[in-house]
Protein chains: 2
Amino acid sequence: MTLTSADPVTDGPGAVALLDRTRTAVDPQIRSTVETLPGSIRRVAMYHFGWEEADGTPASGQAGKAIRPALVLAAARALGAEEARAVKAAAAVELAHNFTLLHDDIVDEDPTRRHRPTAWTVFGIPDALMAGDAMNALALRLLAEDPHPASAAATARLAACVIELCAGQQADCAFESRGPREVSLDECLAMATAKTGALLGCSCALGALYAGAGEEEVAALDSFGREAGLAFQLIDDLIGIWGDPERTGKPAGADLAARKKSLPVVAALTSGTAAGEELAALYSRTELDARAVRAAADAVERAGGRDWAQAQAADRMGRAVEHLARAVPDLSAAGDLLALAEFVTRRTR
Amino acid sequence: MTLTSADPVTDGPGAVALLDRTRTAVDPQIRSTVETLPGSIRRVAMYHFGWEEADGTPASGQAGKAIRPALVLAAARALGAEEARAVKAAAAVELAHNFTLLHDDIVDEDPTRRHRPTAWTVFGIPDALMAGDAMNALALRLLAEDPHPASAAATARLAACVIELCAGQQADCAFESRGPREVSLDECLAMATAKTGALLGCSCALGALYAGAGEEEVAALDSFGREAGLAFQLIDDLIGIWGDPERTGKPAGADLAARKKSLPVVAALTSGTAAGEELAALYSRTELDARAVRAAADAVERAGGRDWAQAQAADRMGRAVEHLARAVPDLSAAGDLLALAEFVTRRTR
């Protein structure tokens, strides 16, 4: 099936339907591409995507929300392309995203992903690492082999984005080992832009490239995705502190208990306020109990970190829409892109 | 400087000069490409290539033998191309090779590379892993951004090769945990083809593509490189058992002490001979002392593993030359390719 721009979605449930339809359009391409991998690599990839159990028996798992492929297709449609022509580009960004997940889970030592044990815990680090490497090359191969005229520009752009994602993940890891006063807000924003904004921007840019858009429109779509991505990260960080455990599946204050240098936390730490000093003292401890976590959340709030993050998220969404309007002056053609941006920034509030 | 086909090298010292000239032609491209990486990733890459110390001060290290770039340039020349046009392709294969080294060193827990501590021991696993990921994308980006008409085909081909390299490394790791009778010779040959032959073949194929060669010539050059690569691996495995410690820098029998399932060893283990049984019994031990290592080497020899590997290496070189003759009927134009193949198969005997 294909999606048409005649049916833009403008609210949450609409975005959910859009994501469902994206999976229907793109999953077969992702799966047939993954199935070209050599057997030993393929089984790790099939497990990671939730299509197989560890022993190779079929599974009907959830392969992720498909936000990035949905952005590719929505951007292509907004600029007048037939979305069927951009399906390979949509599959490529999802493959690139999943390569980073495979490697991030190793580096972060995360035990679960999408409610299942992570690939490295099931197959061991060498197999998960090699599967990620192969998936990185597979994403770029899919684009390079696509006979579409935008193929070369899209391949180069996705490769540049992957490099940025790696720098973002590297910075995120490096922050962990630095003291509570040793990360500036600018560094933290740059990290979030590289780690989260870059691939959302690249997804929109690839959709534009596949619609035959010019450089300025492509750049505007990239900026739209980046700003929306940063808004998403800010909201995600707020959820990591004040999210409802019943809706997020994580205990309240999980990011604080892990002493994570998320955006609201760094805003508080660098606020120059007494509450910021309290937070720094709490973050200097080796462990935070439930009471200390509550005190830390309170300190972030009093230091202005919560308000700052909420205002920043709104500001970033405003900038995102401005960028979008440059490329798509009649925003009614961009309803799906706006719905997706709205969706990712309020999904679990 | 550029290399000309007017000066083919036909012996060892000639190949050495050819490699020196390749480095002069290609290193500036590799370095300027690495210098486009974000700072945190760049410092790991600059260290890995031997251009910087861990603290960022300049170093004048050796960045590897440049066999793969030399094959790209020699293949391009053999098929009538100006080698200057293929320099980016030559740099790309060397970047891809070095991405695999960064990750292989993590997976194999190797402490040294080119007489220096490996990147993961200096910068930690997360940084080395991310630097490898970025270098994988960088190699493909360099090809995708090259305005040469062969760019797209070359990008797709290198990406496919990277996937094969990953499968080869995965198989190599998997062999380690299997019993001495549980790896067949065919599996072992397939692993060596994927891990060593694929990139040598791809290097030659990229040179052919950049010379505007047709599909059959490109395939013939790929087969030439693959067969030469397998010959190289067979000789390397013989050196790992009977190499002169003074020339190899490793103790005699190093591969046997590590109970490595190299090609001559697997040939012996699967020979159905009494000596093969002796070797299997030795490989079932948890540790081999110097006396057991000598007994194992003797068993490989009596089981026919040494003769088989030597005959296979000669046979593979013969096949390599046959493939080459299909693409370059007048072999005098392919002198440099032959010299490089000869060089890699006898470099430390």
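- As annotated in an unreviewed UniProt entry, chain A is Family 2 encapsulin nanocompartment cargo protein polyprenyl transferase from Streptomyces omiyaensis.
- The UniProt entry for chain A carries the following text under Sequence similarities (unreviewed entry): "Belongs to the FPP/GGPP synthase family."

**Comments concerning the overall build of chain A**
Step number 1: Each helix and strand in chain A was counted, giving 16 helices and 2 strands.
Step number 2: Scaling as 2.2 N^0.38, a compact globule of 349 residues should have a C-alpha radius of gyration of about 20 Å, and chain A matches this with 20 Å.
Step number 3: With respect to the three principal axes, the spread of C-alpha positions in chain A is 60 × 50 × 35 Å.
Step number 4: When each of the 349 residues of chain A is scored for burial, the buried share is 58%.
Step number 5: For chain A, long-range pairs separated by at least 24 residues make up 72% of all intrachain contacts whose partners lie at least 6 apart in sequence.
Step number 6: Surface summary for chain A: the accessible area is close to 13,600 Å², and the carbon and sulfur share equals 50%.
Step number 7: Across chain A, the centroid of the 35 positively charged side chains sits 2 Å from that of the 48 negatively charged ones.

**Description of the packing of helix H7 (residues 151-176) of chain A against helix H6 (residues 125-145) of chain B**
Step number 1: Where H7(A) contacts H6(B), the two axes come as close as 8 Å, and the packing angle between them is 165°. In terms of orientation, H7(A) and H6(B) fall into the roughly antiparallel class. At the point where H7(A) passes H6(B), the crossing takes the left-handed sense. On H6(B), the residues that touch A:Ala152, A:Thr155, A:Ala156, A:Ala159, A:Ala160, A:Val162, A:Ile163, A:Cys166, A:Gln169, A:Gln170 and A:Cys173 of H7(A) are B:Pro126, B:Asp127, B:Met130, B:Asp133, B:Ala134, B:Ala137, B:Leu138, B:Arg141, B:Ala144 and B:Glu145.

**A word on empty space enclosed by the protein**
Residue and element names in this part refer to chain B.
Step number 1: Tallying each qualifying case throughout the model produces 9 cavities of 30 Å³ or more.
Step number 2: By volume, the largest cavity is sized at about 70 Å³.
Step number 3: Lining of the largest cavity is provided by Tyr47, His48, Phe49, Gly50, Gln62, Arg113, Arg114, Arg116, Pro117, Thr118 and Ala119.
Step number 4: Within the residue set of the lining of the largest cavity, elements represented by two or more residues are helix H2 (39-48) and strand E2 (116-117).
Step number 5: Grouping the amino acids of the lining of the largest cavity by side-chain chemistry returns 4 nonpolar, 4 polar and 3 charged.

**Digging into the confidence of the model for chain A**
Residues and elements named next belong to chain A.
Step number 1: Per-residue confidence for chain A gives a mean pLDDT of 92, with 95% of residues at or over 70.
Step number 2: At the low end of the mean pLDDT range in chain A sits helix H10 (residues 245-248), at 72; at the high end sits helix H6 (residues 125-145), at 98.
Step number 3: Every residue in residues 1-11 is under pLDDT 50, and counting partners more than four places away or in other chains gives 25 contacts.

**Side note on helix H15 (residues 305-327) of chain A**
Residue and element names in this part refer to chain A.
Step number 1: Compared with the 33 Å implied by 1.5 Å per residue over 23 residues, the 33 Å span of H15 between its first and last C-alpha is a close match.
Step number 2: Burial in H15 covers these residues: Gly305, Ala309, Gln312, Ala313, Arg316, Met317, Ala320, His323, Leu324 and Ala327.
Step number 3: Looking at the packing, one finds that the buried side of H15 touches helix H8 (185-210), helix H9 (215-242), helix H12 (263-269), helix H14 (290-302) and helix H16 (335-346).

**Structural notes on the relation of the copies chain A and chain B**
Step number 1: Rotating chain A by 180° and translating it 0.0 Å along the rotation axis places it on chain B, where the RMSD comes to 0.0 Å. What the superposition gives is, in effect, a two-fold axis relating one chain to the other. In terms of proximity to the rotation axis, the leading residue of chain A is A:Ala152, whose C-alpha is 3.2 Å off the axis.
Step number 2: An overlap of 100% is found between the interface residues of chain A and their copies at the interface of chain B, pointing to a shared contact surface.

**Comments concerning helix H3 (residues 67-78) of chain A**
Residues and elements named next belong to chain A.
Step number 1: The end-to-end C-alpha distance of H3 is 16 Å, a good match for the 16 Å that 12 residues give at a rise of 1.5 Å each.
Step number 2: Most of H3 sits inside the fold, with 12 of its 12 residues counted as buried.
Step number 3: All of the buried residues along H3 are Ile67, Arg68, Pro69, Ala70, Leu71, Val72, Leu73, Ala74, Ala75, Ala76, Arg77 and Ala78.
Step number 4: After H3 finishes, the residue glycine 80 shows a positive phi value of roughly 90°.

**Section: the interface of chain A and chain B**
Size of an interface, as often reported, equals the accessible area lost when the parts are brought together.
Step number 1: Chain A puts 35 residues into the contact, and the matching count from chain B is 35 residues.
Step number 2: When chain A packs against chain B, the two sides together hide about 2,800 Å² of surface, and 77% of this comes from carbon and sulfur.
Step number 3: Among the residues of chain A in contact with chain B, A:Met130, A:Ile163 and A:Gln170 are the three that bury the most area, contributing 22% of the side total.
Step number 4: Connecting chain A to chain B are 0 salt bridges.
Step number 5: The interface formed by chain A and chain B holds 8 residue pairs in polar contact (both at pLDDT 80 or more) in total.
Step number 6: Within the residue set of the side of chain A that touches chain B, elements represented by two or more residues are helix H2 (39-48), helix H4 (87-107), H6 and H7 of chain A.
Step number 7: Here the side of chain A that touches chain B gets 13 residues from one element, more than from any other, and that element is H6(A).
Step number 8: Considering only residue class, the side of chain A that touches chain B consists of 23 nonpolar, 6 polar and 6 charged.

**Focus on the nonpolar core**
Step number 1: Counting 187 residues, the largest nonpolar core has A:Val34, A:Leu158, A:Leu337, B:Val34, B:Leu158 and B:Leu337 as its most contacted members.
Step number 2: In this structure B:Leu337 touches B:Leu71, B:Ala74, B:Ala75, B:Ala78, B:Cys204, B:Leu221, B:Phe224 and B:Leu324, once residues within four positions along its chain are discounted.

**Structural notes on the environment of A:Arg68**
Step number 1: With respect to the secondary-structure elements, A:Arg68 resides in helix H3.
Step number 2: Here the alpha-carbon distance between A:Arg68 and A:Leu340, two residues 272 residues apart in the chain, equals 9.5 Å.

**Observations concerning the packing of aromatic side chains**
All names here are of chain A.
Step number 1: Throughout the structure, instances matching the rule amount to 4 aromatic pairs over all chains.
Step number 2: An angle of 75° between the planes, with centres 5.5 Å apart, marks the rings of tyrosine 47 and phenylalanine 123 as edge-to-face. With a gap of 76 residues between them, tyrosine 47 in helix H2 and phenylalanine 123 in helix H5 (residues 119-123) connect regions that are remote in the sequence.
Step number 3: Judged by its relative accessible area of 5%, tyrosine 47 falls in the buried class.
Step number 4: Using a relative accessible area of 14% as the deciding quantity, one classes phenylalanine 123 as buried.
Step number 5: Relative to tryptophan 51, the ring of phenylalanine 49 has its centre 4.8 Å away and its plane inclined at 15°; by these criteria the two rings are stacked. Accessibility assignment for this pair places phenylalanine 49 and tryptophan 51 in one class, buried.
Step number 6: Arginine 306 extends its terminal NZ or CZ atom over the ring of tryptophan 242, reaching a point 4.3 Å from the ring centre.

**Examining the environment of B:Thr273**
Residue and element names in this part refer to chain B.
Step number 1: Note on placement: threonine 273 falls in the loop between helix H12 (263-269) and helix H13 (274-283).
Step number 2: Residue classification places threonine 273 among the partly exposed residues on the basis of a relative accessible area of 26%.
Step number 3: Separated by 165 residues in the primary sequence, threonine 273 and aspartate 108 place their C-alpha atoms 32 Å from one another.
Step number 4: Side-chain polar atoms of threonine 273 contact the side chain of serine 271, separated by 2.7 Å.
Step number 5: Polar side-chain contacts of threonine 273 include one of 2.9 Å to the backbone nitrogen of glycine 276.

**Regarding the packing of H9(A) against H16(A)**
Residues and elements named next belong to chain A.
Step number 1: Look at H9 against H16: their axes get within 8 Å of each other, and the N-to-C directions meet at 20°. Taken together, the axis directions place H9 and H16 in an arrangement best described as roughly parallel. Considering the relative orientation of H9 and H16, their crossing is right-handed. Touching Leu221, Phe224, Ala228, Ala231, Phe232 and Ile235 of H9 are Leu337, Ala341, Val344 and Thr345, all from H16.
Step number 2: Considered class by class, the residues forming the contact of H9 with H16 number 9 nonpolar, 1 polar and no charged.

What counts, and at which threshold
- Residues numbered from 1 in each chain as written.
- Chains lettered and ligands numbered in written order.
- Predicted model: local features only at pLDDT ≥ 70, side-chain atom pairs only at ≥ 80, totals over all residues.
- Heavy atoms only, no water.
- UniProt positions renumbered as here; feature names shortened; annotations may be inferred.
- Helix = DSSP H or I, 4+ residues; strand = E, 2+ residues; numbered from the N terminus.
- Rg over C-alpha atoms; globule rule 2.2 N^0.38 Å.
- Buried < 20%, exposed > 50% of the residue type's maximum accessible area, 1.4 Å probe, protein only.
- Contact = heavy atoms within 4.5 Å.
- Areas by Shrake-Rupley, 256 points an atom, 1.4 Å probe, with all protein chains shown as cover.
- Lys, Arg positive; Asp, Glu negative; His and termini not counted.
- Charge placed at Lys NZ, Arg CZ, Asp CG, Glu CD.
- Axes fitted to C-alpha atoms, helices over the stretch in contact; angles between N-to-C directions.
- Parallel < 35°, antiparallel > 145°, perpendicular 65-115°, else oblique.
- Left-handed = near helix turned anticlockwise from the far one by under 90°.
- 1 Å grid on protein atoms, 1.4 Å probe; cavity = no way out; pocket = protein on both sides within 12 Å on 5 of 7 lines; lining within 4 Å.
- Points joined across faces, edges and corners; volume = space filled by probe spheres on them.
- Nonpolar A, V, L, I, M, F, W, Y, C, P; charged D, E, K, R; others polar.
- pLDDT = per-residue confidence, 0-100.
- Expected span 1.5 Å × (residues − 1).
- Least-squares fit on C-alpha atoms with pLDDT ≥ 70 in both.
- Buried area = accessible area lost by both parts, 1.4 Å probe.
- Salt bridge = Lys/Arg side-chain N within 4 Å of Asp/Glu carboxyl O.
- Polar contact = N/O pair within 3.5 Å; in protein donor to acceptor, adjacent residues only side chain to side chain.
- Core = buried A, V, L, I, M, F, W, Y, C linked by side-chain atoms within 4.5 Å.
- Phe/Tyr/Trp six-rings, centres within 6.5 Å; stacked < 30°, edge-to-face > 60°.
- Lys NZ or Arg CZ within 6 Å of the ring centre and 35° of its normal.

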